[in-house]
Amino acid sequence: MPLAEALPRVTYSNVRENFAGVHKLLDGYIPEFVAGLGKTIPNVIDGREDRDGTSYTVPAPFDDKVQLGTFFDASAGAVARAVAAARKAQPGWYGLHWSVRLSILRRAATILEARKFELGVANLLEVGKSRLEAMGEVEEAVDMIRHFCADFEKNQGFETTLSRATPNERTVTVLKPYGVFGVIAPFNFPVALSFKMIIPSIVSGNAVVYKPSPGAGLTASLLVKILADAGVPAGVVNMVCGEKAGPLVAAAKGIDAIAFTGSHDVGMSIFRQFAQGPYMRPVIVEMGGKNPVYVTKSADLDVAAEGVARSAFGLQGQKCSAAEVAYIDRKVYDAFVEKLLAFTKKLVIGDPRESGTFIGPIISKDALDTYLKAAAAAAKDGKVLHGGKRLSGGIFDRGLYVEPTIVAGLPAGHHLLTDELFLPFIALMLYDNLGAAIDAGNSVKYGLTAGAYAEDKAELQMFLDRAEAGVLYANRASGATTGAWPTYQTFAGWKGSGVSGKGGFGPYDLPQFMREQSHTIMEKSR
Ligand code: UN1
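Worth saying up front: this structure is predicted, and the values here are computed from it rather than measured.

## Digging into the overall build of the protein chain
Per the secondary structure count, the protein chain includes 14 helices and 22 strands. The C-alpha atoms of the protein chain give 23 Å as radius of gyration, which agrees with the globular expectation for 526 residues (24 Å, within 12%). For the protein chain, the spread of C-alpha atoms along the principal axes amounts to about 80 × 60 × 50 Å. The buried share among the 526 residues of the protein chain stands at 60%. In the protein chain, 75% of the contacts between residues at least 6 apart in sequence involve partners at least 24 apart. If you sum the accessible surface of the protein chain, you get close to 20600 Å²; carbon and sulfur atoms cover 54% of it. Across the protein chain, the 55 positively charged side chains and the 54 negatively charged ones have centroids separated by 4 Å.

## What to know about the environment of Asn188
Summarising the element assignment, Asn188 is placed in the loop between β8 (180-184) and α6 (192-203). Judged by its relative accessible area of 2%, Asn188 is buried. Residues Asn188 and Ser213, 25 residues apart in the sequence, show an inter-C-alpha distance of 8.8 Å. Residues contacting Asn188, with those up to four places away along its chain left out, are Val127, Lys129, Glu137, Leu193, Leu315, Gln318, Lys319, Cys320 and Phe422.

## Concerning the nonpolar core
Ranked by internal contacts, the top residues of the largest apolar core, which has 98 residues, are Phe195, Ile202, Tyr210 and Leu227. The greatest single-element share of this core, amounting to ten residues, is contributed by helix α5 (residues 131-154). Of the domains in this structure, domain 1 (19-287 + 502-519) and domain 2 (292-485) are the two that each give at least three residues to this core. Those residues within four positions of Ile202 in sequence are excluded, and the remaining contacts are Trp93, Arg101, Leu105, Val208, Leu227, Val236 and Val237. Within the second largest apolar cluster, 30 residues are counted, among which are Tyr327, Val407, Leu423 and Ala452.

## Comments concerning the pattern of salt bridges
What the rule picks out here adds up to 34 salt bridges. Salt-bridge contacts for Arg81 lead to Asp50; the nearest nitrogen and oxygen are separated by 2.6 Å. One end of the pair, Arg81, is in helix α2 (residues 76-95); the other, Asp50, is in strand β3 (residues 48-50), with 31 residues separating them in the sequence. Given the relative accessible area of 36%, Arg81 is considered partly exposed. Relative accessible area serves as the criterion here: at 9%, Asp50 is assigned to the buried category. Through salt bridges that share partners, Arg9, Lys116, Glu139 and Asp143 make up one connected network.

## A closer look at the site of the ligand
Near the ligand, the surroundings consist of Tyr12, Glu140, Asn188, Phe189, Leu193, Lys319, Cys320, Ser321, Thr482, Gly483, Ala484 and Phe491. Between the ligand and Ser321 there is a distance of 2.7 Å, counted from an oxygen atom to a side-chain nitrogen or oxygen. Take Ala484: an N or O atom from its main chain is 2.7 Å from an oxygen atom of the ligand. Look at the ligand: alone it shows 320 Å² of surface, and the protein chains cover 96% of it. Grouping the amino acids of the shell around the ligand by side-chain chemistry returns six nonpolar, four polar and two charged.

## A few points about α2
For α2, built from 20 residues, the straight-helix expectation of 28 Å at 1.5 Å per residue is met to within 8% by its first-to-last C-alpha distance of 29 Å. Every buried residue of α2 is accounted for by Ala78, Val79, Ala82, Val83, Ala85, Ala86, Ala89, Gln90 and Trp93.

## Thoughts on the packing of aromatic side chains
Tallied over the entire structure, the rule returns 14 aromatic pairs. Taken together, a centroid distance of 5.2 Å and an interplanar angle of 75° make the contact between Tyr12 and Trp485 edge-to-face. Taken together, the residues span a long stretch of sequence, with Tyr12 in the segment before α1 (20-35) and Trp485 in the loop between β20 (471-474) and β21 (494-495) at a distance of 473 residues. Given the relative accessible area of 12%, Tyr12 is considered buried. Ring centres 6.3 Å apart and planes at 85° place the aromatic pair Tyr371 and Phe425 in the edge-to-face group.

## As for the sheet that holds β20
Read across the sheet, seven strands follow the order β15-β16-β17-β14-β13-β19-β20 without closing on themselves; strand pairing throughout is mixed. Bordering the open sheet on either side are β15 (383-386) and β20, each of which pairs with just one other strand. Each adjacent strand pair in this sheet contributes to an overall mean axis angle of 25°, direction not counted. Across five bridges, strand β13 (residues 291-295) lies against strand β14 (residues 323-329) in parallel orientation. When the bridges of β14 are listed, Pro292 appears paired with Val325.

## Considerations on the domain arrangement of the protein chain
Looking at the assigned domains, one finds that the protein chain contains domain 1 (19-287 + 502-519) and domain 2 (292-485). Computed from C-alpha coordinates alone, the two centres of domain 1 and domain 2 are separated by 30 Å. If you look at the interface, domain 1 gives 27 residues, while domain 2 gives 28 residues. Taking both partners together, domain 1 and domain 2 bury about 2200 Å²; carbon and sulfur atoms supply 61% of that area. Counting across the domain 1 and domain 2 interface gives two salt bridges. Counting the contacts that link domain 1 with domain 2 gives eight residue pairs in polar contact (both at pLDDT 80 or more).

## Remarks on unusual backbone geometry
Even without being a glycine, Gln316 presents a positive backbone phi close to 60°. Here Gln316 lies in the loop between α10 (301-313) and β14. The residue Phe505 is not glycine, and still its phi comes out positive at about 75°. Structurally, Phe505 is set in the loop between β21 and β22 (514-522). Residue class for Phe505 comes out buried when judged on its relative accessible area of 6%.

Conventions and cut-offs
- Residues numbered from 1 in each chain as written.
- Predicted model: local features only at pLDDT ≥ 70, side-chain atom pairs only at ≥ 80, totals over all residues.
- Heavy atoms only, no water.
- Helix = DSSP H or I, 4+ residues; strand = E, 2+ residues; numbered from the N terminus.
- Rg over C-alpha atoms; globule rule 2.2 N^0.38 Å.
- Buried < 20%, exposed > 50% of the residue type's maximum accessible area, 1.4 Å probe, protein only.
- Contact = heavy atoms within 4.5 Å.
- Areas by Shrake-Rupley, 256 points an atom, 1.4 Å probe, with all protein chains shown as cover.
- Lys, Arg positive; Asp, Glu negative; His and termini not counted.
- Charge placed at Lys NZ, Arg CZ, Asp CG, Glu CD.
- Core = buried A, V, L, I, M, F, W, Y, C linked by side-chain atoms within 4.5 Å.
- Domains from an automatic or database assignment.
- Salt bridge = Lys/Arg side-chain N within 4 Å of Asp/Glu carboxyl O.
- Near = heavy atom within 4 Å.
- Polar contact = N/O pair within 3.5 Å; in protein donor to acceptor, adjacent residues only side chain to side chain.
- Nonpolar A, V, L, I, M, F, W, Y, C, P; charged D, E, K, R; others polar.
- Expected span 1.5 Å × (residues − 1).
- Phe/Tyr/Trp six-rings, centres within 6.5 Å; stacked < 30°, edge-to-face > 60°.
- Pairing = 2+ DSSP bridges.
- Axes fitted to C-alpha atoms, helices over the stretch in contact; angles between N-to-C directions.
- Buried area = accessible area lost by both parts, 1.4 Å probe.

As structure tokens, then:
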């Protein structure tokens with residue numbers, strides 16, 4: 001057996017690496033983990049198991065005959081107790097010197113790293129994502145914890161001495177936690193996106209009521225366990241699962257702020273709900289995208305075809321960063337489309353447990369419904385160049401497996417060019433003028449990521465100057481618009497993709513989880 005530590009780390013970018021050793025380990029871990037599935041996984045409140053709420057089971061997306069486990073849809077009482085536990089634990093947690101919090105969280109990073117295959121497999125089974133997507137996500141989460149700790153340290157706990165108005169007036173401005181954060185996480189990156197909100201909350205001295213996606217209780221419980229094993233005290237992070245728990249957390253008395261990643265509609269409804277309170281509380285949200293990619297006349301078309309396909313179809317397109325519309329210069333349109341089709345046809349759709357699978361199942365019946373409606377609209381109003389169908393036979397009958405879909409010829413303004421699908425589905429548009437194409441790509445309500453393929457400096461610069469999105473990429477084969485990684489990218493949602501314009505992992509990320517207080521002390525003149 002290869003030693004896990006000696007193997008290359010899987011990231012979203014190193015797609016050319018030889019991962020034979022990683023696959024060999026996964027070949028062993030996956031069946032072992034599957035054999036242990038089906039347990040009862042209680043919520044965690046104040047460090048204790050909690051079964052208060054209606055129990056529910058979750059079938060695995062890749063095979064509905066396999067049950068992931070039994071979870072509890074937390075009752076209103078359970079949510080209230082979780083908030084109370086967080087409130088009780090928060091002052092003691094914040095009372096620790098920040099360097100102590102950092103050493104505990106750095107230990108959590110080390111433990112997560114040691115358990116990366118366990119978390120990777122749990123995540124693969126729960127989301128139905130490919131092996132490399134799943135392992136990459138765990139590695140991302142390890143780096144994320146380390147990033148937030150390093151950033152807190154760099155800012156020396158966010159205490160800054162200000163100028164003196166008079167020689168004996170001393171002022172320090174300090175960022176303090178809000179208190180209790182509600183963290184509401186999505187299904188697609190249950191490890192990384194949970195920690196992207198939990199870690200900055202707690203490194204800053206807040207406590208958390210964590211609501212994973214209803215189907216993500218398995219990874220969520222493993223994350224909460226890692227934090228406890230690292231020494232995060234009971235009550236600092238409480239986990240409440242379920243369908244009803246999200247609205248309950250957002251509405252709970254005693255929640256001082258919310259961090260949310262998910263759909264635009266849910267994010268905006270939390271924002272509006274909070275705006276009705278007696279005073280404004282922070283709502284840090286990341287809400288999807290309709291991410292455009294531009295294939296210019298100076299593009300390297302092989303790189304572009306690979307990058308667009310990986311971005312549109314990786315994780316079945318269920319990424320807020322996925323490319324959903326490609327604008328292509330007329331001069332290279334036919335050649336690009338040919339290469340895109342050739343690359344897409346090679347992508348293996350199947351059971352995500354298998355090493356060769358690139359496209360696994362989609363997550364829900366609602367998602368399937370959206371897919372089938374989108375495919376029908378595409379056939380009616382444009383031309384389906386590839387895909388558009390649900391697959392059947394064998395494992396395909398035990399999960400929701402669909403073909404990656406490429407559509408062309410839709411009229412400008414069509415809903416498939418403006419509304420987020422969150423599916424393996426991309427629309428191709430032909431353009432004569434790059435500036436006008438970028439304006440069209442900008443004209444949606446979202447502004448998360450955008451990509452371009454341009455070897456020509458002027459075309460590249462036009463993209464950088466004109467694209468209205470928080471995360472831009474150029475000439476990337478590993479993903480046209482996907483694959484942001486802590487310390488290598490920041491991740492800001494513009495317009496309907498976020499609310500603050502401040503990016504995850506950027507210099508302004510951690511301060512969002514704290515509020516400022518100025519301390520002016522008059523010194524006795526000596
Ligand atoms: C999301 O899908 O909600 O940049 C975020 C990426 C991933 C995260 C996407 N790191 O593709």
